[in-house]
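One letter stands for each residue in the lines below.
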Amino acid sequence: MEKTLENYFLFIRNGVSIKQFDGDGIPITRIESISNEYLNFSKLGFANIYDENYKEYYLKNGDILMLHINSQKHLGKTAIVENLDKKVIHGMNLICLRPDVKKKLPEYIFYFFKTKKFKI
């Protein structure tokens, strides 16, 4: 029986489009946030958001972020969300894949995305 990615994820979606600048409030992911293939909290953006309007876009531990734009060199870079202890909004230009942990471990899927077989 053939399986597709949808079989292993609760959802696969792009982030919310929010104009970012040097602001404050709830942090937002951007391309630079995963450029080194881990979620770098010092590279998050801000847009002075303090309310719960983007609650459905908050990241959770185990989420996998994948870069789907930019240069071929960076295309497909992934990071797994770990040690998250605050609200972070999933921003545009990164796909969020939320694994169904009942079916597969997020770490297994994350490492599969790093393989040559997946990237070809």
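Scroll up a little and you will see the structure.
From a predicted model like this one, the values you see are computed outputs, not experimental measurements. (Residues numbered from 1 in each chain as written. Predicted model: local features only at pLDDT ≥ 70, side-chain atom pairs only at ≥ 80, totals over all residues. Heavy atoms only, no water.)

Considering all chains together, one arrives at zero aromatic pairs under this definition. The ring of Phe11 carries the charged tip of Arg13 above its face, separated from the ring centre by 4.1 Å. Across the ring face of Tyr57, the terminal group of Arg13 is positioned such that the distance to the ring centre comes to 4.4 Å. (Phe/Tyr/Trp six-rings, centres within 6.5 Å; stacked < 30°, edge-to-face > 60°. Lys NZ or Arg CZ within 6 Å of the ring centre and 35° of its normal.)

Glancing now at unusual backbone geometry. Most peptide bonds adopt trans geometry, and most residues besides glycine take a negative phi value. Phi at Asn48 is positive, roughly 55°, even though this residue is not glycine. For Asn48, the position within the fold is in the loop between strand S1 (9-14) and strand S2 (64-67). Take Asn48: its relative accessible area is 38%, and that puts it in the partly exposed class. Residues other than glycine seldom take positive phi values, yet Asn83 does so here, at roughly 55°. (Helix = DSSP H or I, 4+ residues; strand = E, 2+ residues; numbered from the N terminus. Buried < 20%, exposed > 50% of the residue type's maximum accessible area, 1.4 Å probe, protein only.)

Turning to its location among the elements, Tyr50 is positioned in the loop between S1 and S2. Dropping the residues within four chain positions of it, Tyr50 is found in contact with Asp24, Gly25 and Ile26. In terms of polar contacts, Tyr50 uses its side chain to reach the side chain of Asp24, at 3.4 Å. (Contact = heavy atoms within 4.5 Å. Polar contact = N/O pair within 3.5 Å; in protein donor to acceptor, adjacent residues only side chain to side chain.)

As for its placement among the helices and strands, Glu6 is situated in the segment before S1. Linking Glu6 and Cys96, residues 90 residues apart in sequence, is a C-alpha distance of 13 Å.

Note on soluble globular proteins: their nonpolar side chains tend to be buried together. One finds Ile34, Leu39, Leu59, Leu65 and Val81 to be the most contacted residues of the largest nonpolar core, which totals 13 residues. Contributions of two or more residues to this core are made by S2 and strand S4 (94-99). Those residues in contact with Val81, other than ones at most four positions away along the chain, are Leu39, Leu59, Lys60, Asn61, Gly62, Asp63 and Leu65. In terms of nonpolar packing, the next biggest core, distinct from the first, is built from nine residues, Ile18, Ile26, Ala47 and Ile89 among them. (Core = buried A, V, L, I, M, F, W, Y, C linked by side-chain atoms within 4.5 Å.)

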